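One letter stands for each residue in the lines below.
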Amino acid sequence: MGKNLLIVESPAKAKTIEKYLGGDFVVKSSYGHIRDLEKGNKGIDIQNDFEPLYVVSPEKTKVVRELKDHVKKSSEVWLATDEDREGEAISWHLCKELGLNEYTTKRIVFSEITKPAIQKAIANPRTVDLNLVNAQQARRILDRLVGFELSEVLWRKVKNKLSAGRVQSVAVKLVVEKEREIQAFETNPFFKITGHFLVDNDKGERIILKAELPQRLQNETEANDFLEKCKGANFTIKAIEKKPLKRFPAPPFTTSTLQQEASRKLGFSVNRTMSNAQRLYEEGFITYMRTDSSSLSDQAVQSISTEIKTLYGDKYLHVRKYATKNKNAQEAHEAIRPTYVERKNVSGDRDLQRLYDLIWKRTIASQMSEAEIEKTIVKIDISTLKDRYLQAEGEVLTFDGFLKVYMESTDDEEDGDTKGMLPPLKKGQVLPVSYIEAVESYTRPPSRYTEASLVKKLEELGIGRPSTYAPTITKIMEEERGYVTKESRPGVERNYRYLVLQKNDIQKTTKTEITGATTNRLYPSDIGMVVTDFLSEHFDKIMNYSFTADVEEKLDEIATDGKDWKKMLKDFYTPFHQTIDNTLENAERAKGKRVLGMDPASGYSVIAQMTRFGPVIQIGDREEMDQDEKPKFANLKPGQSIETINLAEAMELFQLPKVIGEYDGQEVTVNTGRFGPYVKTGEMFVNLPRGKDPMTITIEEAQELIQAKKDELAPFGHYKNLPITKGKGRFGPFVKWNDLFVNIPVRYKVETITEAEAIELIETKLDKEANRYIQNWESEKISIENGRWGPYIKFGKNNLKIPKVDGKKLEAEDLTQVSLDTVKSWISAEIPNAFTKPAPKAKK
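Notes on the structure follow.

**Considerations on the overall build of the protein**
Item 1. The helix and strand inventory of the protein stands at 21 helices and 34 strands.
Item 2. In terms of its C-alpha atoms, the protein occupies a principal-axis envelope of roughly 105 × 80 × 60 Å.
Item 3. Evaluated residue by residue, the protein yields a buried proportion of 46% over its 844 residues.
Item 4. For the protein, the exposed area adds up to about 44,800 Å²; of that, 48% sits on carbon and sulfur atoms.
Item 5. Of the side chains in the protein, 130 bear a positive and 129 a negative charge, and the two mean positions are spaced by 2 Å.

What follows is the structure, encoded as structure tokens:
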């Protein structure tokens with residue numbers, strides 16, 4: 001009789017669980033999903049009630065084969081994938097592919113990988129929850145339909161290689177709207193008054209007490225008048241008010257709050273947080289990391305209480321039960337917490353320890369006493385201004401409570417105004433003045449999103465669920481899509497007025513400050529703005545926040561109440577597809593076009609718009625030019641946008657290319673191209689460092705860059721009597737030999753790679769290239785090639801699957817005899833009209 005086979009989705013999880021089960025069990029991993037929808041429009045049979053067609057992923061063929069072998073040898077199969085919808089779907093796909101009965105196969109769930117939790121799950125198995133599976137199927141099919149059809153519209157109406165999605169497009173819209181809110185914000189100046197008084201502290205030392213005017217003054221005239229009236233005034237303490245305050249701890253982490261706090265406190269991206277949380281879970285250190293519940297089990301609360309009393313004493317303990325705000329939260333899940341709160345350190349790298357420490361502190365603090373604070377407010381009379389007073393505030397922590405362990409951060413730390421302790425003061429005390437200042441400040445626009453604050457906003461709007469936040473953020477920031485970038489930008493210098501009254505004399509000066517500097521904030525690109533506007537105009541329902549949240553609620557109803565998932569798909573898809581057809585037929589091409597003014601030299605329009613090569617500035621519209629004339633184009637500089645650029649800034653771009661000097665007797669020009677600004681001398685192009693303005697680069701800086709590039713390109717070895725060079729490109733470091741580029745793996749450094757190491761990489765690449773083609777029709781840009789997962793067709797930039805013939809998969813030797821016409825028929829089946837020439841455009 002064989003052993004029990006337990007299947008999980010992660011090898012790390014399998015390794016941990018195997019330690020807790022006896023010799024009766026063998027634990028194997030599916031390495032995530034084993035099946036997915038067929039690629040392209042074949043994955044869903046819309047006419048057949050949205051029936052999905054699932055296929056085993058090519059990279060999982062071997063895994064499935066091995067699992068089937070294990071199933072044959074086993075007495076019973078158990079499924080132990082994660083306890084969310086994604087995990088449930090993996091279990092269902094395993095049943096379908098391994099020939100298991102989903103109605104009888106044992107399925108176990110647990111929120112932590114500990115011996116008691118695993119043993120309890122084994123003792124209480126259930127079967128696959130088909131409601132959860134159907135909710136996941138509905139989400140996957142919905143996202144495929146929306147993404148596939150919207151992306152096709154964008155390819156035709158905006159720009160090639162764009163994509164859209166039900167949740168990702170709404171997330172981009174949030175970033176775009178925030179940017180426009182900032183652009184439209186009107187900054188208004190005001191003056192802030194602060195008095196600096198000389199007082200003695202409790203040690204008898206002379207210190208400064210600061211007190212502020214509670215009201216803002218609108219302009220310099222008001223500020224000057226106020227200081228004038230303070231000349232010769234007496235400043236007396238009118239009242240001292242003390243009041244107790246309490247500060248309460250934050251609940252234990254959910255997925256979104258962990259992502260937010262790890263971003264603020266540790267500087268982690270959403271992806272980095274979740275990958276480390278996954279490792280902590282799989283190694284048994286924390287509970288399941290995808291959860292929207294903030295509740296803790298009774299057993300966990302008991303363990304935490306014991307730990308608090310041991311470490312800090314009884315007075316620091318205050319047991320709490322937190323209610324989850326999300327009405328669709330799965331309360332069977334727990335908040336993210338340590339599995340054993342007694343463990344303060346974990347094995348692994350620094351990221352793991354830092355994230356675990358954050359989770360441990362937040363969990364412990366959630367069950368600790370509130371902090372007690374005494375707030376003091378001091379009002380100071382001005383003898384010459386009866387209707388005005390200055391106010392000083394201070395706080396004293398009388399009992400630290402949970403603050404002994406942890407304090408929650410906010411997204412805008414600079415907005416916080418931490419109050420310190422005040423020195424001993426008494427009512428009626430006259431305060432000697434050191435000086436009074438009036439400082440010009442400005443109202444501030446809203447802050448741009450960080451990754452974490454965008455997650456928070458998505459959660460507030462009910463868009464997405466714990467498992468979707470990280471993939472959504474990652475997707476909108478992918479470089480090939482180019483919708484959103486995470487950037488740190490330098491600020492700009494701004495003048496402000498400074499007035500100070502000291503010894504009955506008012507001095508006025510102009511000072512400077514840096515404003516608008518950002519760190520790791522999300523910026524929409526021009527293409528992100530154009531796509532958002534296009535989708536909002538033609539697909540307002542899809543881009544509506546409430547509608548997107550409503551779809552999530554319908555998915556929740558499928559999961560919890562067993563609602564008909566195919567009816568939900570039909571209700572959504574029918575009007576959506578009608579809008580797709582209408583947009584393809586009637587919508588104009590989106591360009592985000594703005595006419596900035598006229599070019600004084602030619603008299604033609606100066607236009608900012610989106611083209612198939614990206615955002616550009618254009619002098620001359622074809623409609624206003626003669627047939628033999630062509631528009632002039634210029635690329636925008638980093639940080640510029642077609643939405644905000646003005647005529648003067650646009651015309652400055654046409655100063656490029658320009659000659660800035662010579663290098664070794666050859667002209668050095670500076671210009672900007674598809675991949676950013678560069679300098680050129682002879683046939684050599686050198687990209688400028690990120691953030692370097694091509695309009696301000698000096699010949700000395702250019703010569704230094706050129707010399708560095710020449711040093712980089714100098715041969716450092718030879719192979720077959722031809723030079724080997726190295727460099728860094730868009731896709732990382734490489735070595736180059738005989739026009740062959742070979743990526744340098746991470747185990748080597750481009751600075752120290754040797755000739756022998758380079759030759760080894762070149763020979764490996766040559767061997768791979770020699771075995772690459774099964775057949776190659778260069779003039780047709782069609783080839784059959786060997787790939788990692790078997791042969792495939794390459795047509796232009798498209799990689800296409802080779803179909804089965806008479807139910808048989810074709811091997812490499814079969815494909816050596818296949819004709820070009822046959823291959824073209826396979827391509828046409830995947831890409832209709834692939835070989836149909838487009839009709840010539842009618843002349844205007």
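Next comes the rest of the account.
**Here we look at the nonpolar core**
Item 1. Core analysis: the biggest nonpolar cluster contains 145 residues, and Leu6, Phe110, Ile286, Leu355 and Ile617 have the highest contact counts within it.
Item 2. A total of eleven residues in this core trace back to one element, the largest contributor, which is helix H5 (residues 130–157).
Item 3. Those residues within four positions of Leu355 in sequence are excluded, and the remaining contacts are Leu258, Ala262, Leu266, Phe268, Thr273, Asn276, Ala277 and Leu280.

**So, the packing of helix H6 (residues 168–184) against helix H13 (residues 469–476)**
Item 1. Put simply, H6 and H13 touch, their axes get as near as 9 Å, and they point 65° apart. With respect to their mutual orientation, H6 and H13 come out roughly perpendicular. Where H6 crosses over H13, the handedness of that crossing is right-handed. When H6 is examined against H13, the residues Gln168, Ala171 and Val172 are found in contact with a partner set consisting of Thr472, Lys475 and Ile476.
Item 2. The residue makeup of the contact of H6 with H13, split by class, is three nonpolar, two polar and one charged.

**A look at the pairing of strand E13 (residues 385–399)**
Item 1. As judged from the eleven bridges shared by strand E12 (residues 371–382) and E13, these two strands associate in the antiparallel manner. From the neighbouring strand, Ile377 faces E13, where its bridge partner is Glu393.
Item 2. In this structure, the hairpin formed by E12 and E13 is closed by a connection of two residues.

**Some points on the sheet that holds strand E31 (residues 773–777)**
Item 1. Pairing is antiparallel in the open sheet, where four strands are placed in the order E31-E32-E33-E34. With one partner strand each, in any of the chains shown, E31 and strand E34 (798–800) form the two edges of the open sheet. The sheet shows a mean angle of 30° between the axes of neighbouring strands, taken without regard to direction.
Item 2. Judged from the six bridges that link them, strand E32 (residues 782–787) and strand E33 (residues 790–795) form a sheet pairing that is antiparallel. Across the sheet, Ser783 pairs through a bridge with Lys794, a residue of E33.

**Let's talk about the pattern of salt bridges**
Item 1. Tallying each qualifying case throughout the model produces 51 salt bridges.
Item 2. Residues Glu9 and Lys13 are paired through a salt bridge, measuring 3.0 Å at the closest nitrogen-oxygen approach. Neither residue differs from the other here; Glu9 and Lys13 are each classed as buried.
Item 3. In this structure, Glu307 and Lys344 form a salt bridge, with 2.8 Å as the shortest nitrogen-oxygen distance. Here Glu307, found in helix H10 (residues 298–312), pairs with Lys344, found in the loop between H10 and helix H11 (350–366); they are 37 residues apart in sequence, far enough to count as distant.
Item 4. Note on Lys344: relative accessible area 34%, which makes it partly exposed.
Item 5. Overlapping salt bridges, with partners in common, bring together Glu9, Lys13, Asp82, Asp84 and Arg290 in one network.

**Side note on the environment of Tyr322**
Item 1. Within the element layout of this structure, Tyr322 appears in the loop between H10 and H11.
Item 2. In this structure Tyr322 comes out as buried when scored by relative accessible area, which is 17%.
Item 3. It is 54 Å that separates the C-alpha atoms of Tyr322 and Tyr792, two residues lying 470 residues apart in sequence.
Item 4. Excluding residues that lie within four positions of it along the chain, Tyr322 makes contacts with Pro249, Ala250, Pro251, Pro252, Ser294, Ser295, Ser366 and Gln367.

**Observations regarding the pairing of strand E24 (residues 666–673)**
Item 1. The buried count for E24 comes to six of eight residues, which makes it a mostly enclosed element.
Item 2. Alignment of strand E23 (residues 658–663) against E24, held across five bridges, turns out to be antiparallel. Residue pairing for E24: Val659 is matched across the bridge by Thr669.
Item 3. Taking the residues between adjacent antiparallel strands as the criterion, E23 and E24 are bridged by two residues, where Asp664 takes a positive phi near 55°.

**Considerations on the packing of aromatic side chains**
Item 1. Under the defined criterion, the tally for this structure stands at 15 aromatic pairs.
Item 2. Ring centres of Tyr316 and Phe399 lie 4.9 Å apart, and the angle between their planes is 40°; this geometry places the pair in the tilted category. Here Phe399 lies in strand E13 and Tyr316 lies in the loop between H10 and H11, a separation of 83 residues in the sequence. Phe399 shares its class with Tyr316; the two are buried.
Item 3. Taken together, the aromatic side chains of Phe50, Phe539, Phe547, Phe572, Tyr573 and Phe576 make up a single cluster linked through ring pairs.
Item 4. A cation sits over an aromatic face here: Lys178 above Tyr449, 4.9 Å from the ring centre.

**Structural notes on unusual backbone geometry**
Item 1. Omega for the peptide link from Leu656 to Pro657 comes to 0°, which places this bond in the cis form.
Item 2. Looking at the secondary structure, you find Pro657 in the loop between helix H17 (647–653) and E23.
Item 3. Its identity is not glycine, yet Asn520 carries a phi of approximately 50°, on the positive side.
Item 4. Tracing the backbone shows Asn520 in the loop between strand E17 (505–515) and strand E18 (521–524).
Item 5. Judged by relative accessible area, Asn520 falls into the partly exposed class, the value being 39%.

**As for the sheet that holds strand E7 (residues 76–79)**
Item 1. Judged by pairing direction, the sheet is parallel, and its four strands sit side by side in the order E2-E1-E7-E8 without closing on themselves. Pairing within the sheet leaves two strands with one partner each, and these edge strands are strand E2 (25–29) and strand E8 (106–107).
Item 2. Pairing of strand E1 (residues 4–8) with E2, which is carried by five bridges, proceeds in the parallel orientation. Its bridge partner lying in E2, Asn4 is registered against Phe25.
Item 3. Docked against the sheet, helix H1 (residues 11–20) engages E1 and E2, running at close to 165° with respect to E2.

**Comments concerning helix H16 (residues 565–586)**
Item 1. Its 22 residues give H16 an end-to-end C-alpha distance of 32 Å, which sits within 8% of 32 Å, the value for a rise of 1.5 Å per residue.
Item 2. When the local axis directions of H16 are compared, the greatest deviation, roughly 25°, occurs at Tyr573, which is followed within four positions by the proline Pro575.
Item 3. Listed as buried for H16 are Trp565, Lys566, Met568, Leu569, Phe572, Tyr573, Phe576, Ile580 and Thr583.
Item 4. Buried-residue contacts for H16 involve strand E5 (51–52), H5, helix H14 (526–538) and helix H15 (545–561).

**Some details on the side chain of Glu102**
Item 1. Position of Glu102 among the secondary structure elements: in the loop between helix H3 (85–98) and E8.
Item 2. Assessed through its relative accessible area of 10%, Glu102 is described here as buried.
Item 3. There is a polar contact of 3.4 Å between the side chain of Glu102 and the side chain of Lys96.
Item 4. What Glu102 contacts, discounting residues up to four positions off in sequence, is Trp92, Cys95, Lys96, Thr127, Val128 and Leu130.

**Structural notes on helix H2 (residues 61–73)**
Item 1. Between its first and last C-alpha atoms H2 spans 19 Å; for 13 residues at 1.5 Å apiece the expected length is 18 Å, and the two agree.
Item 2. For H2, every residue scored as buried is listed here: Val63, Val64, Leu67 and Val71. Burial along H2 is one-sided: seen end-on, the buried residues are contained in an arc of 95°. In this structure, H2 carries Lys62, Lys72 and Lys73 as exposed residues pointing more than 90 degrees from its buried face.

**Thoughts on the environment of Glu649**
Item 1. Relative to the helices and strands, Glu649 is located in helix H17.
Item 2. Since its relative accessible area comes to 34%, Glu649 is described here as partly exposed.
Item 3. C-alpha of Glu649 to C-alpha of Leu636: the two residues are 13 residues apart in sequence and 9.4 Å apart in space.
Item 4. Sequence-distant contacts of Glu649, that is, excluding residues within four places in its chain, are made with Gln640 and Thr644.

Here is what the cut-offs are and how they apply
Residues numbered from 1 in each chain as written. Predicted model: local features only at pLDDT ≥ 70, side-chain atom pairs only at ≥ 80, totals over all residues. Heavy atoms only, no water. Helix = DSSP H or I, 4+ residues; strand = E, 2+ residues; numbered from the N terminus. Buried < 20%, exposed > 50% of the residue type's maximum accessible area, 1.4 Å probe, protein only. Areas by Shrake-Rupley, 256 points an atom, 1.4 Å probe, with all protein chains shown as cover. Lys, Arg positive; Asp, Glu negative; His and termini not counted. Charge placed at Lys NZ, Arg CZ, Asp CG, Glu CD. Core = buried A, V, L, I, M, F, W, Y, C linked by side-chain atoms within 4.5 Å. Contact = heavy atoms within 4.5 Å. Axes fitted to C-alpha atoms, helices over the stretch in contact; angles between N-to-C directions. Parallel < 35°, antiparallel > 145°, perpendicular 65-115°, else oblique. Left-handed = near helix turned anticlockwise from the far one by under 90°. Nonpolar A, V, L, I, M, F, W, Y, C, P; charged D, E, K, R; others polar. Pairing = 2+ DSSP bridges. Salt bridge = Lys/Arg side-chain N within 4 Å of Asp/Glu carboxyl O. Phe/Tyr/Trp six-rings, centres within 6.5 Å; stacked < 30°, edge-to-face > 60°. Lys NZ or Arg CZ within 6 Å of the ring centre and 35° of its normal. Expected span 1.5 Å × (residues − 1). Bend = angle between axes of the 7 residues up to and from the residue. Polar contact = N/O pair within 3.5 Å; in protein donor to acceptor, adjacent residues only side chain to side chain. Arc of directions from axis to C-beta.

Remember, this is a structural readout, not a statement about activity or role.
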